[in-house]
Amino acid sequence: GAVVSQHPSRVICKSGTSVKIECRSLDFQATTMFWYRQFPKQSLMLMATSNEGSKATYEQGVEKDKFLINHASLTLSTLTVTSAHPEDSSFYICSASPAEDQETQYFGPGTRLLVL
Amino acid sequence: GQQVMQIPQYQHVQEGEDFTTYCNSSTTLSNIQWYKQRPGGHPVFLIQLVKSGEVKKQKRLTFQFGEAKKNSSLHITATQTTDVGTYFCAGGLTGGGNKLTFGTGTQLKVEL
(Lines give C-alpha, C1' and ligand atoms only; values in the text may rest on other atoms or scores of the structure.)
Protein backbone atom coordinates (compact mmCIF):
# COMPACT_ATOMS: atom_id res chain seq x y z
CA GLY A 1 0.00 0.00 0.00
CA ALA A 2 0.80 3.74 0.09
CA VAL A 3 1.99 4.08 -3.48
CA VAL A 4 2.55 7.46 -5.08
CA SER A 5 3.08 7.83 -8.81
CA GLN A 6 4.43 10.70 -10.85
CA HIS A 7 4.07 11.38 -14.52
CA PRO A 8 6.09 11.92 -16.58
CA SER A 9 9.24 10.35 -15.18
CA ARG A 10 11.42 12.35 -17.54
CA VAL A 11 10.73 15.35 -19.71
CA ILE A 12 12.86 17.43 -22.03
CA CYS A 13 11.45 20.71 -23.22
CA LYS A 14 12.49 23.87 -24.95
CA SER A 15 13.08 27.06 -23.06
CA GLY A 16 9.89 29.10 -22.76
CA THR A 17 7.47 26.20 -22.77
CA SER A 18 5.39 25.03 -19.83
CA VAL A 19 5.56 21.57 -18.32
CA LYS A 20 2.94 19.85 -16.19
CA ILE A 21 3.87 17.14 -13.69
CA GLU A 22 1.23 14.94 -12.11
CA CYS A 23 1.40 13.36 -8.69
CA ARG A 24 -1.13 10.68 -7.77
CA SER A 25 -1.74 8.69 -4.62
CA LEU A 26 -2.82 5.32 -5.97
CA ASP A 27 -4.27 3.52 -3.00
CA PHE A 28 -5.03 6.17 -0.43
CA GLN A 29 -6.52 9.61 -0.12
CA ALA A 30 -4.02 12.37 0.45
CA THR A 31 -5.26 15.49 2.16
CA THR A 32 -1.81 17.00 1.80
CA MET A 33 0.76 16.72 -0.93
CA PHE A 34 4.19 18.26 -1.00
CA TRP A 35 6.40 19.32 -3.89
CA TYR A 36 10.17 19.24 -3.61
CA ARG A 37 13.02 19.88 -5.97
CA GLN A 38 16.41 18.28 -5.74
CA PHE A 39 19.57 19.36 -7.51
CA PRO A 40 22.28 16.75 -8.17
CA LYS A 41 23.95 15.53 -5.02
CA GLN A 42 21.92 17.92 -2.88
CA SER A 43 19.10 17.61 -0.44
CA LEU A 44 15.39 17.93 -1.07
CA MET A 45 14.12 21.47 -0.89
CA LEU A 46 10.45 21.92 -0.10
CA MET A 47 8.78 24.12 -2.68
CA ALA A 48 5.19 24.11 -1.55
CA THR A 49 2.52 22.36 0.46
CA SER A 50 -0.66 21.52 -1.37
CA ASN A 51 -3.95 20.91 0.41
CA GLU A 52 -6.93 19.55 -1.47
CA GLY A 53 -9.40 22.24 -2.36
CA SER A 54 -7.31 25.17 -1.22
CA LYS A 55 -4.44 27.27 -2.47
CA ALA A 56 -0.96 25.91 -2.09
CA THR A 57 1.39 27.34 0.50
CA TYR A 58 4.73 28.23 -1.05
CA GLU A 59 8.06 28.30 0.71
CA GLN A 60 10.03 31.50 0.84
CA GLY A 61 11.79 32.22 -2.41
CA VAL A 62 9.55 30.00 -4.54
CA GLU A 63 7.63 31.94 -7.17
CA LYS A 64 3.99 30.91 -7.12
CA ASP A 65 3.39 32.27 -10.61
CA LYS A 66 6.31 30.26 -11.90
CA PHE A 67 5.37 27.00 -10.23
CA LEU A 68 1.62 26.57 -10.40
CA ILE A 69 0.19 23.94 -8.10
CA ASN A 70 -3.30 22.52 -8.29
CA HIS A 71 -4.66 19.94 -5.87
CA ALA A 72 -7.94 19.15 -7.55
CA SER A 73 -8.80 15.93 -5.73
CA LEU A 74 -7.69 13.79 -2.81
CA THR A 75 -5.56 11.68 -5.13
CA LEU A 76 -4.11 14.17 -7.58
CA SER A 77 -1.87 17.21 -7.42
CA THR A 78 -0.20 18.87 -10.37
CA LEU A 79 2.84 21.11 -10.64
CA THR A 80 3.16 23.26 -13.75
CA VAL A 81 6.50 24.87 -14.46
CA THR A 82 5.58 27.87 -16.55
CA SER A 83 7.89 29.39 -19.13
CA ALA A 84 10.62 26.99 -18.18
CA HIS A 85 14.26 28.01 -18.44
CA PRO A 86 17.46 25.96 -18.19
CA GLU A 87 17.87 26.89 -14.53
CA ASP A 88 14.56 25.12 -13.83
CA SER A 89 16.17 21.83 -14.83
CA SER A 90 16.00 19.65 -11.77
CA PHE A 91 14.53 16.55 -10.17
CA TYR A 92 11.01 17.29 -8.95
CA ILE A 93 9.58 14.95 -6.34
CA CYS A 94 6.15 14.92 -4.80
CA SER A 95 5.02 13.27 -1.61
CA ALA A 96 1.61 12.56 -0.17
CA SER A 97 0.32 12.15 3.36
CA PRO A 98 -2.67 9.91 4.05
CA ALA A 99 -5.54 11.51 5.87
CA GLU A 100 -5.24 8.95 8.69
CA ASP A 101 -1.46 9.33 9.09
CA GLN A 102 -0.56 12.89 8.33
CA GLU A 103 2.92 12.72 9.82
CA THR A 104 4.08 10.23 7.21
CA GLN A 105 5.01 11.23 3.69
CA TYR A 106 5.14 8.74 0.86
CA PHE A 107 7.29 9.87 -2.02
CA GLY A 108 6.70 9.55 -5.70
CA PRO A 109 9.47 8.33 -8.03
CA GLY A 110 10.27 11.86 -9.17
CA THR A 111 10.34 13.67 -12.49
CA ARG A 112 13.57 14.70 -14.15
CA LEU A 113 13.11 17.92 -16.05
CA LEU A 114 15.66 19.11 -18.57
CA VAL A 115 15.08 22.48 -20.17
CA LEU A 116 17.14 23.15 -23.28
CA GLY B 1 14.89 29.66 9.21
CA GLN B 2 15.26 26.12 10.39
CA GLN B 3 18.39 24.31 9.29
CA VAL B 4 19.11 20.63 9.49
CA MET B 5 22.71 19.60 8.98
CA GLN B 6 24.16 16.15 8.63
CA ILE B 7 27.68 14.90 9.00
CA PRO B 8 29.58 13.47 7.37
CA GLN B 9 28.64 14.52 3.86
CA TYR B 10 30.26 11.40 2.39
CA GLN B 11 31.43 8.12 3.87
CA HIS B 12 33.28 5.28 2.20
CA VAL B 13 33.47 2.05 4.17
CA GLN B 14 34.58 -1.48 3.56
CA GLU B 15 31.83 -4.03 3.64
CA GLY B 16 31.41 -5.23 7.19
CA GLU B 17 32.43 -1.96 8.80
CA ASP B 18 30.00 0.12 10.81
CA PHE B 19 28.62 3.47 9.68
CA THR B 20 27.06 6.38 11.52
CA THR B 21 25.49 9.60 10.29
CA TYR B 22 24.60 12.45 12.58
CA CYS B 23 21.77 14.92 12.16
CA ASN B 24 21.58 18.28 13.92
CA SER B 25 18.74 20.76 13.87
CA SER B 26 18.96 24.45 14.71
CA THR B 27 15.55 24.20 16.38
CA THR B 28 13.72 21.71 18.57
CA LEU B 29 11.85 19.13 16.55
CA SER B 30 8.49 17.49 17.10
CA ASN B 31 9.71 14.38 15.33
CA ILE B 32 12.57 13.16 13.20
CA GLN B 33 12.27 10.91 10.21
CA TRP B 34 14.92 9.07 8.26
CA TYR B 35 14.90 8.32 4.57
CA LYS B 36 17.16 6.40 2.22
CA GLN B 37 17.64 7.41 -1.39
CA ARG B 38 19.38 5.05 -3.75
CA PRO B 39 21.30 6.55 -6.69
CA GLY B 40 18.78 7.64 -9.30
CA GLY B 41 15.88 6.86 -7.01
CA HIS B 42 13.52 8.65 -4.70
CA PRO B 43 13.55 8.88 -0.90
CA VAL B 44 12.15 5.86 0.89
CA PHE B 45 10.82 6.24 4.40
CA LEU B 46 12.76 4.27 7.01
CA ILE B 47 11.49 5.31 10.41
CA GLN B 48 10.04 8.07 12.57
CA LEU B 49 11.14 8.99 16.09
CA VAL B 50 8.95 11.12 18.29
CA LYS B 51 10.00 10.81 21.91
CA SER B 52 12.99 12.45 23.56
CA GLY B 53 15.82 9.92 23.89
CA GLU B 54 13.99 7.35 21.78
CA VAL B 55 15.97 4.49 20.26
CA LYS B 56 14.59 2.22 17.57
CA LYS B 57 16.17 -0.67 15.74
CA GLN B 58 15.52 -2.18 12.36
CA LYS B 59 17.75 -5.21 11.90
CA ARG B 60 21.26 -3.71 11.45
CA LEU B 61 20.02 -0.10 11.67
CA THR B 62 19.77 1.77 14.97
CA PHE B 63 18.10 5.15 15.15
CA GLN B 64 18.36 7.53 18.07
CA PHE B 65 16.60 10.80 18.90
CA GLY B 66 18.45 13.12 21.25
CA GLU B 67 17.20 14.15 24.67
CA ALA B 68 16.78 17.74 23.55
CA LYS B 69 15.02 16.63 20.35
CA LYS B 70 17.48 18.62 18.26
CA ASN B 71 19.72 15.83 17.07
CA SER B 72 19.52 12.30 15.84
CA SER B 73 21.75 9.55 14.57
CA LEU B 74 21.55 6.52 12.34
CA HIS B 75 24.00 3.70 12.91
CA ILE B 76 24.43 0.76 10.58
CA THR B 77 26.22 -2.29 11.91
CA ALA B 78 28.27 -4.42 9.54
CA THR B 79 27.46 -2.58 6.34
CA GLN B 80 26.56 -4.43 3.17
CA THR B 81 26.68 -3.30 -0.45
CA THR B 82 22.90 -3.02 -0.37
CA ASP B 83 23.26 -0.18 2.14
CA VAL B 84 24.69 2.10 -0.55
CA GLY B 85 22.75 5.32 -0.95
CA THR B 86 22.17 8.71 0.61
CA TYR B 87 20.60 8.86 4.03
CA PHE B 88 18.53 11.90 4.89
CA CYS B 89 17.08 12.92 8.18
CA ALA B 90 14.02 15.13 8.05
CA GLY B 91 12.68 17.10 10.94
CA GLY B 92 9.18 18.20 11.71
CA LEU B 93 8.45 21.32 13.74
CA THR B 94 5.85 21.67 16.45
CA GLY B 95 3.06 23.70 14.93
CA GLY B 96 4.49 23.16 11.47
CA GLY B 97 1.82 20.71 10.47
CA ASN B 98 3.37 17.75 8.74
CA LYS B 99 5.94 19.82 6.86
CA LEU B 100 9.45 18.37 6.92
CA THR B 101 12.83 20.03 6.62
CA PHE B 102 15.32 17.66 5.08
CA GLY B 103 18.88 17.41 6.25
CA THR B 104 21.84 17.81 3.96
CA GLY B 105 22.25 14.05 3.62
CA THR B 106 25.10 11.59 4.01
CA GLN B 107 26.16 9.60 0.98
CA LEU B 108 27.34 6.11 1.87
CA LYS B 109 29.50 4.01 -0.40
CA VAL B 110 30.34 0.46 0.54
CA GLU B 111 33.27 -1.29 -1.06
CA LEU B 112 33.90 -5.01 -1.15
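In this report, the structure presented in the accompanying data block is examined. (Residues numbered from 1 in each chain as written. Chains lettered and ligands numbered in written order. Predicted model: local features only at pLDDT ≥ 70, side-chain atom pairs only at ≥ 80, totals over all residues. Heavy atoms only, no water.)

## Observations regarding the sheet that holds strand E3 (residues 19-25) of chain B
Residue and element names in this part refer to chain B.
No. 1: Spatially, E1-E3-E8-E7-E6 is the arrangement adopted by the five strands of the open sheet, whose pairing is antiparallel. Each having just a single partner strand, strand E1 (4-7) and strand E6 (55-58) make up the two edges of the open sheet. Strand-to-strand, the axes of this sheet are offset by a mean angle of 15°, without reference to chain direction.
No. 2: Bridge count for strand E7 (residues 61-65) against strand E8 (residues 71-76) is five bridges, and the pairing is antiparallel. Looking at E8, one finds that phenylalanine 65 is bridged to serine 72. (Pairing = 2+ DSSP bridges. Helix = DSSP H or I, 4+ residues; strand = E, 2+ residues; numbered from the N terminus. Axes fitted to C-alpha atoms, helices over the stretch in contact; angles between N-to-C directions.)

## Points about unusual backbone geometry
Generally, phi is negative for residues other than glycine and the peptide bonds are trans, each holding for most cases.
No. 1: For the bond from histidine 7 of chain A to proline 8 of chain A, the omega torsion is 0°, close enough to zero to count as cis.
No. 2: Of note, the bond from isoleucine 7 of chain B into proline 8 of chain B is cis; its omega dihedral lies within 30 degrees of zero at -5°.
No. 3: Counting through the fold element by element, proline 8 of chain B comes out in the loop between E1 and strand E2 (10-14).
No. 4: Of note, lysine 41 of chain A is a non-glycine position whose phi angle comes to about 60°, a positive value.
No. 5: Note that lysine 41 of chain A resides in the loop between strand E4 (30-38) and strand E5 (44-51).
No. 6: Relative accessible area serves as the criterion here: at 67%, lysine 41 of chain A is assigned to the exposed category.
No. 7: With a phi angle near 50°, alanine 78 of chain B is a residue other than glycine that sits in the positive phi range.
No. 8: Locating alanine 78 of chain B in the fold gives a position in the loop between E8 and strand E9 (85-92). (Buried < 20%, exposed > 50% of the residue type's maximum accessible area, 1.4 Å probe, protein only.)

Function-wise, these values are silent; they only describe arrangement.
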